[in-house]
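A structural walkthrough
Listed below, chain by chain, are the residues.
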Amino acid sequence: MSALKSLEKEWQEWLKINLARGVPANNLAASLFERGWVDAAYELISKSSNQKIPHINITNNYVELSDKRVSLSFVCYKPFVTVINDFLSPEECDALISDADQKLKASRVVDPEDGSFVEHSARTSTSTGYHRGEIDIIKTIEARIADLINWPVDHGEGLQVLRYEDGGEYRPHFDFFDPAKKSSRLVTKQGGQRVGTFLMYLSEVDSGGSTRFPNLNFEIRPNKGSALYFANTNLKGEIEPLTLHAGMPVTEGVKYLATKWLREKPYI
């Protein structure tokens with residue numbers, strides 16, 4: 001049975017009135033979520049065109065995309081985190097690695113003072129960034145991400161591919177831009193806040209290399225072709241401190257990862 005239809009009649013009427021008034025569906029969903037009606041909240045977002053956040057239809061255990069079917073193996077609701085199986089084929093992973101391997105340089109982070117990109121001991125990997133649609137494989141991946149999370153391709157930064165070797169890690173950090181920091185006013189002028197993070201595991205790793213959420217007490221381990229999506233903001237669009245995460249050290253093998261950061265506005 002539909003979670004929305006199972007709501008009490010007065011709440012169904014409340015939804016009808018507020019949707020007619022043009023209230024964004026994600027704001028209404030936040031009220032449902034706060035009252036414990038989690039399934040109804042996410043069903044509302046999935047069914048409404050009047051929402052202002054990326055979202056994945058989690059009604060079923062799989063999602064039919066325009067070019068393939070993917071399955072969902074894990075979902076956390078606060079913050080929203082989900083693991084998508086077989087998002088990329090082995091051939092797509094290998095093609096992306098092959099192209100990126102020729103261009104890798106030391107990874108950088110955003111300087112908290114001036115918003116520039118600098119090298120930092122907290123992030124020990126090599127990486128390369130792509131412009132949106134730079135090559136065919138990037139176009140395919142970006143279109144598939146947009147299809148899955150119902151968010152325009154131009155509301156995202158260029159895809160980044162990273163390589164972590166023995167001991168390589170990214171210590172606990174946030175992907176959102178903290179409004180309290182001076183640099184955030186600079187980096188959000190182009191595209192606004194980072195509202196979501198989409199990670200794709202491009203290789204198998206024998207030991208280590210998980211993506212760990214220390215405040216949530218779980219981690220996602222690399223699985224070639226699988227993807228991890230988490231929302232950096234809550235249903236109301238506020239930054240979500242529970243998204244603190246880390247790329248744990250690789251202790252055996254080589255980890256390849258592709259990252260796509262989503263913005264609230266067009267990123268030009």
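Just above, that's the structure.
Residues numbered from 1 in each chain as written. Predicted model: local features only at pLDDT ≥ 70, side-chain atom pairs only at ≥ 80, totals over all residues. Heavy atoms only, no water.

**Remarks on the sheet that holds strand E10 (residues 194–201)**
Hydrogen bonds between backbone atoms are what pair the strands of a sheet, whose relative direction is either parallel or antiparallel. This is how it is decided: Two strands qualify as a pair provided that DSSP identifies no fewer than 2 bridges between them. Counting from the N terminus, the helices are the DSSP runs of H or I reaching at least four residues and the strands are the DSSP runs of E reaching at least two.
The strand order across the open sheet built from nine strands is E1-E2-E3-E14-E10-E17-E8-E7-E4, with neighbouring strands paired in antiparallel fashion. Each edge of the sheet is formed by a strand with only one pairing partner; in this case those strands are strand E1 (62–64) and strand E4 (105–106).

**Here we look at the layout of surface pockets**
Spelled out, the test is: The rule is simple: put a 1 Å grid over the protein atoms alone, call a set of points where a 1.4 Å probe fits but cannot get out a cavity, call an open set with protein on both sides within 12 Å along at least five of seven lines a pocket, and count a residue as lining if it has an atom within 4 Å of a point. Grid points are joined across faces, edges and corners, and a volume is the space filled by probe spheres set on the points. All residues other than Ala, Val, Leu, Ile, Met, Phe, Trp, Tyr, Cys, Pro, Asp, Glu, Lys and Arg, Gly among them, are scored as polar; the first ten of these are nonpolar and the last four charged.
Here the second largest pocket defines a volume of roughly 350 Å³. If you go around the second largest pocket, you meet 22 residues; those closest to its centre are Tyr42, Tyr77, Thr233, Asn234 and Leu235. Where the lining of the second largest pocket is concerned, the elements lending two or more residues are helix H2 (25–34), helix H3 (38–47) and strand E14 (227–231). For the lining of the second largest pocket, the leading source of residues is H2, giving three residues. The residue inventory of the lining of the second largest pocket, partitioned by class, reads 14 nonpolar, three polar and five charged.

**Examining the packing of aromatic side chains**
Worth spelling out the cut-off: Side-chain rings of Phe, Tyr and Trp (the six-membered ring for Trp) are treated as a pair once their centres are within 6.5 Å; stacked means planes under 30 degrees apart, edge-to-face means over 60, and tilted covers the remaining angles. In this scheme, Lys NZ or Arg CZ marks a charge over a ring once it lies within 6 Å of the ring centre and within 35 degrees of the ring normal.
With the rule as written, the count across this model stands at twelve aromatic pairs. Three or more aromatic residues link up through ring pairs in this structure, and these residues are Phe33, Tyr42, Tyr77, Phe80, Phe87, Phe198 and Tyr229. A cation over a ring is seen here: Arg194 above Trp261, with NZ or CZ 3.8 Å from the ring centre.

**Here's the deal with the pairing of strand E17 (residues 255–263)**
Inclusion rule: Remark: exposure states derive from per-residue accessible area (1.4 Å probe, protein chains only) relative to the maximum for the residue type, with buried under 20%, exposed over 50%, and partly exposed in between.
Most of E17 is tucked away, with nine of its nine residues classed as buried. Every second residue of E17 is oriented toward a common face, with Lys255, Leu257, Thr259, Trp261 and Arg263 on one face and Tyr256, Ala258, Lys260 and Leu262 on the other, all of them buried. Direction of pairing for strand E8 (residues 160–164) relative to E17: antiparallel, over a ladder of five bridges. When the bridges of E17 are listed, Arg163 appears paired with Tyr256.

**What about the pairing of E10?**
Successive residues of a regular strand alternate their side chains across the two faces of the sheet. Of all eight residues in E10, eight are buried; the element is thus mostly enclosed. Sheet topology places E10 next to E17; seven bridges connect them, and they run antiparallel. The partner of Leu199 across the bridge, within E17, is Thr259. In terms of strand pairing, E10 meets E14 through five bridges, oriented antiparallel. Note that in E14 the partner of Gly196 across the bridge is Ala231.

**Side note on empty space enclosed by the protein**
Considering all chains together, one arrives at two cavities of 30 Å³ or more under this definition. As for the largest cavity, its lining consists of 16 residues, of which Tyr170, His173, Leu199, His245 and Leu257 are closest to the centre. Listed by contribution, the elements that provide at least two residues to the lining of the largest cavity are E8, strand E9 (170–173), E10, strand E15 (245–247) and E17. With four residues, E17 is the single largest residue contributor to the lining of the largest cavity. Among the residues making up the lining of the largest cavity, the classes are represented as seven nonpolar, six polar and three charged. As a volume, the second largest cavity reaches approximately 50 Å³.

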